[in-house]
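So you can see what is in the structure, the chains are spelled out below.
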Amino acid sequence: MCIMNSDFEDSNVGSTCNASTINRMFYFELFMVALGVFLGMFAYEFLKSYFLPELTIWQSHFITIAFSTIMATLAAYIILKRRNHFTEEITKKRDDYKSALDKLELSEKKFQEVFNHANDMISLNSLKNGLLGNFIEVNEVCMEKLGYTRDEFLKMKPQDIIAPDKQLKIAEITAKLIKERKIDLETVILSKDGKRIPVEINNCIFTLHGEEVVIAVSRDITERKQAEEEIKQSLEEKELLLKEVHHRVKNNLAIISSLLNLQSYNVKDEKARDSFREIQNRTRSMALIHEKLYKSTDLKRINFGEYISTISTELFRTYADPARVKLKTNVEDIYLDINTAIPLGLIINEIITNSFKHAFPGAREGEIQIDFHKKDHHYEFQVKDNGVGFPDDLDFKNTDTLGLQLVNSLTQQIDGEIFLENDHGTQFTIKFQE
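Analysis parameters
Residues numbered from 1 in each chain as written. Predicted model: local features only at pLDDT ≥ 70, side-chain atom pairs only at ≥ 80, totals over all residues. Heavy atoms only, no water. pLDDT = per-residue confidence, 0-100. Contact = heavy atoms within 4.5 Å. Pairing = 2+ DSSP bridges. Helix = DSSP H or I, 4+ residues; strand = E, 2+ residues; numbered from the N terminus. Axes fitted to C-alpha atoms, helices over the stretch in contact; angles between N-to-C directions. Expected span 1.5 Å × (residues − 1). Buried < 20%, exposed > 50% of the residue type's maximum accessible area, 1.4 Å probe, protein only. Polar contact = N/O pair within 3.5 Å; in protein donor to acceptor, adjacent residues only side chain to side chain. Salt bridge = Lys/Arg side-chain N within 4 Å of Asp/Glu carboxyl O. Core = buried A, V, L, I, M, F, W, Y, C linked by side-chain atoms within 4.5 Å. Arc of directions from axis to C-beta.

Examining the confidence of the model for the protein chain
Thought 1: Averaged over every residue, the pLDDT of the protein chain is 79; residues scoring 70 or more account for 80%.
Thought 2: This stretch, residues 1-17, has a pLDDT under 50; its non-local contacts, to residues over four places away or in other chains, come to 22 contacts.

Some details on the sheet that holds strand E4 (residues 196-208)
Thought 1: What the 5 strands build is an open sheet, ordered E2-E1-E5-E4-E3; its pairing is antiparallel. At either end of the open sheet lies a strand with only one pairing partner, and these are strand E2 (131-138) and strand E3 (182-190). Between one strand axis and the next, the sheet turns by 35 degrees as a mean value, whatever way the strands run.
Thought 2: For strand E1 (residues 121-128) and strand E5 (residues 211-220), the ladder comprises 6 bridges, and the chain directions are antiparallel. Note that in E5 the partner of Ser 126 across the bridge is Val 213.
Thought 3: Against the sheet, helix H5 (residues 170-180) makes contact with E1, E2, E3, E4 and E5, and its axis sits at roughly 150 degrees relative to E3, the strand it touches most.

Some thoughts on helix H9 (residues 338-358)
Thought 1: Taking 1.5 Å per residue as the helical rise, H9 with its 21 residues ought to reach 30 Å, and the 30 Å between its terminal C-alpha atoms agrees with that figure.
Thought 2: Most of H9 is tucked away: 16 of the 21 residues are buried.
Thought 3: For H9, the N-terminal cap is Asp 337; the gap from its side-chain oxygen to the backbone nitrogen of Asn 339 is 2.8 Å.

Overview of the pattern of salt bridges
Thought 1: Tallied over the full model, the rule gives 15 salt bridges.
Thought 2: For Glu 200, the salt bridge is made with Arg 224, and the minimal N-O distance between the two is 3.5 Å. In this pair, Glu 200 is assigned in strand E4 and Arg 224 in helix H6 (residues 222-264), connecting sequence segments 24 residues apart.
Thought 3: A residue is classified by how much of its surface remains accessible, and Glu 200, at 25% relative accessible area, is partly exposed.
Thought 4: The class for Arg 224 is partly exposed, based on a relative accessible area of 33%.
Thought 5: Among the ionic pairs, Glu 380 bridges to Lys 375, the shortest N-O distance being 3.2 Å.
Thought 6: Within this structure, Glu 186, Glu 200, Arg 224, Lys 225 and Glu 228 form a network of salt bridges that share partners.

Overview of the nonpolar core
Thought 1: The biggest cluster of nonpolar side chains holds 40 residues, and the ones touching the most others in it are Phe 304 and Phe 372.
Thought 2: Contributions of two or more residues to this core are made by helix H7 (270-295), helix H8 (304-319), H9, strand E9 (366-375), strand E10 (378-385), helix H10 (402-413) and strand E12 (426-432).
Thought 3: The dominant element in this core, judged by the number of residues it contributes, is H9, at 8 residues.
Thought 4: Those residues in contact with Phe 304 that lie beyond four places of it in its chain are Ile 334, Leu 336, Ala 341, Leu 344, Gly 345, Ile 348 and Phe 372.
Thought 5: Judged by nonpolar contacts, the second largest core, of 24 residues, contains Leu 127, Leu 132, Ile 183 and Val 214.

Topic: H5
Thought 1: Of all the positions in H5, only Ile 170, Thr 174 and Leu 177 are classed as buried. Taken end-on, H5 shows its buried residues confined to a sector of 60 degrees, consistent with a single buried face. Those residues of H5 that are exposed and angled more than 90 degrees off the buried face are Ala 171, Glu 172 and Lys 179.
Thought 2: Those residues of H5 that are buried lie in contact with E2, E3, E4 and E5.
Thought 3: Directly beyond the C-terminal end of H5, a positive phi value near 75 degrees is found at Arg 181.

Structural notes on the environment of Glu 212
Thought 1: Relative to the assigned elements, Glu 212 resides in strand E5.
Thought 2: By relative accessible area, Glu 212 is classed as partly exposed at 35%.
Thought 3: Each residue touching Glu 212, except ones within four places of it in the same chain, is listed here: Ser 126, Leu 127, Arg 181, Ile 205, Phe 206 and Thr 207.
Thought 4: At a separation of 2.9 Å, a polar atom in the side chain of Glu 212 contacts the side chain of Arg 181.

Next comes the structure, spelled out in structure tokens:
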């Protein structure tokens, strides 16, 4: 990063210009003198032959000298004019050159200032035969951050300052750099005293004086890494806390379900006991969602297809006779947000419970089919049975039954639509978007 020597260049160019000019002036003057002598002799012979044939030898010499003097004077005048012209030309070229040199020096100084006082470490490396060579130049930030002198740097390669545990990727990174001409990466470098410094490096290949070199701009990201680690720890703490919340909610709902179960033993009325059981199942449907959130890596979304399989199996064991009723599920692994999952879980609990309890009275046999899929831009949940079906005169959207009231209310809560088909059994279809 050194600028060229101004004095040397100036004297070199001046010497070249002076030598060239002196050579031209010497040959021009020699030519003019020879021309003057030739013209003087020519004038003498011409006058002697045609106008003054009787001239004495002294008169002839005088005329020759006179003509030669006149021509020499004329030559001297022309030479002086030419010399002034050349002098002005040389002066102008020297002035232009010095001006250009001053601008170059100013530009070089500006570049040096930017190069050395940038916030980031900047270095140049040679690139030969696909391998990174020695440092060609480093800025002052490199020397301050890593503790090496410039002379020490010029004897080193990038491999000498990269942490040992990051060395294995150097060949791979260099090959990618040569292919793509530029590459960004994160690594760890070591200072002279062994301190590890995480850096983000922007590498680029360009041609300098006919040779390919690599310029690397390295930014110390120690503070950013520390902040990322703090955020990571904070996030882990919050995830742990949220898991604990889900776990406690699940346990509290399980306690409520157990209390309802114990209380139902003291209830003699069968309808009242069924009501206790329905409340218990609703509580269980919500507890199951919190249980799955507690076990999930995503604390806000659960695999709802898996949830449907679990809760339908539990309800089947509670209400159905496996010898008469078959359960089939066809569900996708679809993840839903907790705000959608809880109301939809209650809806599913009510509809499936209703099918198990009322679709196959007495010894009637049949099948319940549960489907859950994503279609285009919406989700579709469907429960279909081939049981006795709903009474024809029953409006399921306007009924005194608590279960159906819950289904309609919760469907509105998730901005969904519910449809009932009552041919050859009962089919509930709920369409919604998340």
